[in-house]
Amino acid sequence: MRYRFNRHNAGFMVVDQLALQHRISISQTIFDAHIGKGKIAGSAVILAKPQTFMNLSGSAVRKLIDYYRIELKI
């Protein structure tokens, strides 16, 4: 609990707030991430909280992108 509001946890705090505001339950664990599926402003979303070390979170995100066939737009 000592580091709960540390700047390194800012992303998780944002995801938690979005989940709360849009009633999305982050209750599934897949590919080293806790996820929740729902809708925000009419668009389907997946909220993800990688459970890897911070420097390795990209691998969990990549697995989710591949699994759900998410098209990245630049």
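Predicted model, so just to flag it, every value in this text is computed and none were measured.

*Asks:* It is not clear to me how the layout of surface pockets should be interpreted in this structure. Could you clarify?
*Replies:* Rolled over the atoms, a probe with the dimensions of a water molecule shows which regions are left empty. Its volume calculated, the largest pocket comes out at about 180 Å³. Forming the walls of the largest pocket are His8, Asn9, Phe12, Pro50, Gln51, Thr52, Phe53, Met54 and Ser57.

*Asks:* Looking at this structure, how should I read the sheet that holds strand 1 (residues 28–30)?
*Replies:* Remark on secondary structure: sheet strands pair via backbone hydrogen bonds, oriented parallel or antiparallel. Taken in spatial order, the 3 strands of this open sheet run 1-2-3, and their pairing is antiparallel. Of all strands in the sheet, those with a lone pairing partner are strand 1 and strand 3 (43–50), marking the two edges. Taking the axes of each pair of neighbouring strands and ignoring which way they run, one obtains an average angle of 40° across the sheet. Against the sheet, helix 1 (residues 10–21) touches strand 2 (33–40) and strand 3, its axis set at about 140° to strand 3. Against the sheet, helix 2 (residues 57–68) contacts strand 1, strand 2 and strand 3, and its axis sits at roughly 150° relative to strand 3.

*Asks:* Got a minute to help me understand the side chain of Lys49 in this structure?
*Replies:* Summarising the element assignment, Lys49 is placed in strand 3. Under the relative-accessibility criterion, Lys49 is labelled buried at 13%. At 2.7 Å, the side chain of Lys49 and the side chain of Asp16 are in polar contact. Leave out the neighbours within four places in its chain, and Lys49 touches Phe12, Val15, Asp16, Ile26, Ala33 and His34.

Scoring rules and cut-offs
Residues numbered from 1 in each chain as written. Predicted model: local features only at pLDDT ≥ 70, side-chain atom pairs only at ≥ 80, totals over all residues. Heavy atoms only, no water. 1 Å grid on protein atoms, 1.4 Å probe; cavity = no way out; pocket = protein on both sides within 12 Å on 5 of 7 lines; lining within 4 Å. Points joined across faces, edges and corners; volume = space filled by probe spheres on them. Pairing = 2+ DSSP bridges. Helix = DSSP H or I, 4+ residues; strand = E, 2+ residues; numbered from the N terminus. Axes fitted to C-alpha atoms, helices over the stretch in contact; angles between N-to-C directions. Contact = heavy atoms within 4.5 Å. Buried < 20%, exposed > 50% of the residue type's maximum accessible area, 1.4 Å probe, protein only. Polar contact = N/O pair within 3.5 Å; in protein donor to acceptor, adjacent residues only side chain to side chain.

Keep in mind these values describe shape, not function.
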